[in-house]
Amino acid sequence: AMAATRMAAAEPLGVRVAEPMLRALAALGRRLTPAGSRVALETRLALAGIHGPSGRQAVLAVLALTWAIGLAAGWAAAAIRPALGLVVGGSVIAVGITLPRLVLDSLIRRRRQEITLELPDSLDLLTASVEAGLGFDAAVMRVAGRPTRERSPLREELQHYLTDARLGRARAEALRDLAERTGVPDLATVTAALIQADQLGVGISAVLRAQALQLRTRRRQRAQAAALQAPVKMLFPLVFFVFPAMFIVTLGPAALRMIDTFTKVGH
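Residues numbered from 1 in each chain as written. Predicted model: local features only at pLDDT ≥ 70, side-chain atom pairs only at ≥ 80, totals over all residues. Heavy atoms only, no water.

## Considering the overall build of the protein
To keep things clear, this is the line we draw: Here a strand is any run of E in DSSP of at least two residues, a helix any run of H or I of at least four, and the numbering for each starts at the N terminus. Throughout, exposure labels follow a simple rule: accessible area from a 1.4 Å probe, protein chains only, divided by the maximum for the residue type, with under 20% read as buried, over 50% as exposed, and the rest as partly exposed. Contacts: residue pairs with any heavy atoms within 4.5 Å of one another.
Helix and strand content of the protein: 10 helices and 0 strands. Along the protein, helices and strands appear, N-terminal first, in the series α-α-α-α-α-α-α-α-α-α. Sorting the 267 residues of the protein into buried and exposed places 27% on the buried side. Here the contacts in the protein between residues at least 6 apart in sequence split such that 61% fall between residues at least 24 apart.

Set out below in structure tokens:
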């Protein structure tokens, strides 16, 4: 107990004050949030790569602060006009509830895109490692342990899979959880093929090679589709920003000269 007290006293004052406030606000936000919404929130946090209680506490604390600020703003506006209080309070609460959801959706989309882009190369390395004689889990460990300059969501999820495997979970269950945590269709296809191969006793190396070829084909098709969409996406900035500037530069001197000529003729 004395050691714990010394460790708590050694922490900065801001941490000692912020952590109890965060826990209290998170508890309040948990009471204000329905059970179904809490389950959906935990699912969104997992898809965004935010694991552990700290992320959940932060979001619940933001929701509690939103309710507090909305009620305070509504009460202050109601002193001027009751209807205005309802509008201001409801607007603040609606924005505070919607904004964390939009941020989580953005994080989920970016994380899924990063995993989708990284998956074909990682699957190629996994296939080469298995064909070189490594077991599947050892090959996954090799892929997950390779150094990268930036944070790799796929590597983090593979490390999570290895942790589940070390804890004694069946490979099919760990792979199924890997696909559910990420929500990436390509990864779900690969894990489903691996689970089926494990159940039927088919060689994993052949399945990995077929999946790697399929993912490379999908990546090339996505690149071709993005190239076809580029002219349509460029149309708006060209029409509203580039073309007017070009018309001003090219036709502006001629228009000024014509105006000057007609002015002289009029005089």
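Structure's up, so let's keep going.
## Looking at the environment of V140
Mapped onto the secondary structure, V140 falls in helix α6 (residues 136–144). Residues V140 and Y161 lie 21 residues apart in sequence; the distance between their C-alpha atoms is 8.9 Å. Leaving out residues up to four positions away in the same chain, V140 has contacts with L126, L158, Y161 and L162.

## Let's talk about empty space enclosed by the protein
Keep this limit in mind: Method remark: on a 1 Å grid restricted to protein atoms, a set of points is classed as a cavity if a 1.4 Å probe fits but cannot get out and as a pocket if it is open with protein on both sides within 12 Å along at least five of seven lines; lining residues have an atom within 4 Å of a point. Grid points are joined across faces, edges and corners, and a volume is the space filled by probe spheres set on the points. Residue type decides the class: Asp, Glu, Lys and Arg count as charged, Ala, Val, Leu, Ile, Met, Phe, Trp, Tyr, Cys and Pro as nonpolar, and the leftover types, Gly among them, as polar.
All told, the structure shown has 1 cavity of 30 Å³ or more when counted by the stated rule. Empty space within the largest cavity amounts to approximately 170 Å³. Looking at the largest cavity, it is lined by 16 residues, and the ones nearest its centre are L119, L123, L126, L158 and L187. Going through the elements one at a time, α5 (82–131), α6, α7 (153–166), α8 (171–182) and α9 (185–200) are the ones with two or more residues in the lining of the largest cavity. Residue composition of the lining of the largest cavity, grouped by class: 14 nonpolar, 2 polar and no charged.

## Quick notes on the packing of α8 against α9
Using the following cut-off: To get an axis, a line is fitted to the C-alpha atoms, and for a helix only the part in contact is used. The angle between two axes follows their N-to-C directions and goes from 0 to 180 degrees. Small angles under 35 degrees read as roughly parallel and large ones over 145 as roughly antiparallel, with 65 to 115 read as roughly perpendicular and the rest as oblique.
Running from N to C, α8 and α9 point in directions that differ by 170°, and their axes come no closer than 9 Å. Between α8 and α9, the angle falls in the class roughly antiparallel. Judged by residue contacts, R171, A172, L175, R176, L178, A179 and T182 of α8 engage L187, A188, T191, L194, I195 and D198 from α9. Each residue belonging to the contact of α8 with α9 can be placed in one class, and the counts come to 8 nonpolar, 2 polar and 3 charged.

## Points about the confidence of the model for the protein
Note the threshold: One number per residue, pLDDT, summarises how confident the predictor is, and it ranges from 0 to 100.
Within the protein, residue pLDDT values average 80, and 87% of them lie at 70 or more. This stretch, residues 1–11, has a pLDDT under 50; its non-local contacts, to residues over four places away or in other chains, come to 3 contacts.

## Concerning the layout of surface pockets
Of the volumes computed, that of the largest pocket is approximately 300 Å³. If you list the elements that add at least two residues to the lining of the largest pocket, you get α3 (35–47), α4 (53–78) and α5. Class assignment of the residues belonging to the lining of the largest pocket gives a composition of 10 nonpolar, 2 polar and 2 charged.

## Section: the packing of α4 against α5
A pair of packed helices is characterised by two quantities: the angle between their axes and the separation of those axes. The criterion, for reference: Helix crossings are classified by the rotation of the near helix relative to the far one: an anticlockwise turn of less than a right angle makes the crossing left-handed, while a clockwise turn makes it right-handed.
α5 packs onto α4 with a crossing angle of 165° between their chain directions and a minimal axis gap of 7 Å. Classified by the interaxial angle, the pair formed by α4 and α5 is roughly antiparallel. Every pair of crossing elements has a handedness; the one defined by α4 and α5 is right-handed. Of α5, the residues touching α4 (which contributes V62, L63, T66, W67, I69, G70, A73, G74, A77 and A78) are P82, L84, G85, V88, G89, V92, I93, G96, I97 and P100.

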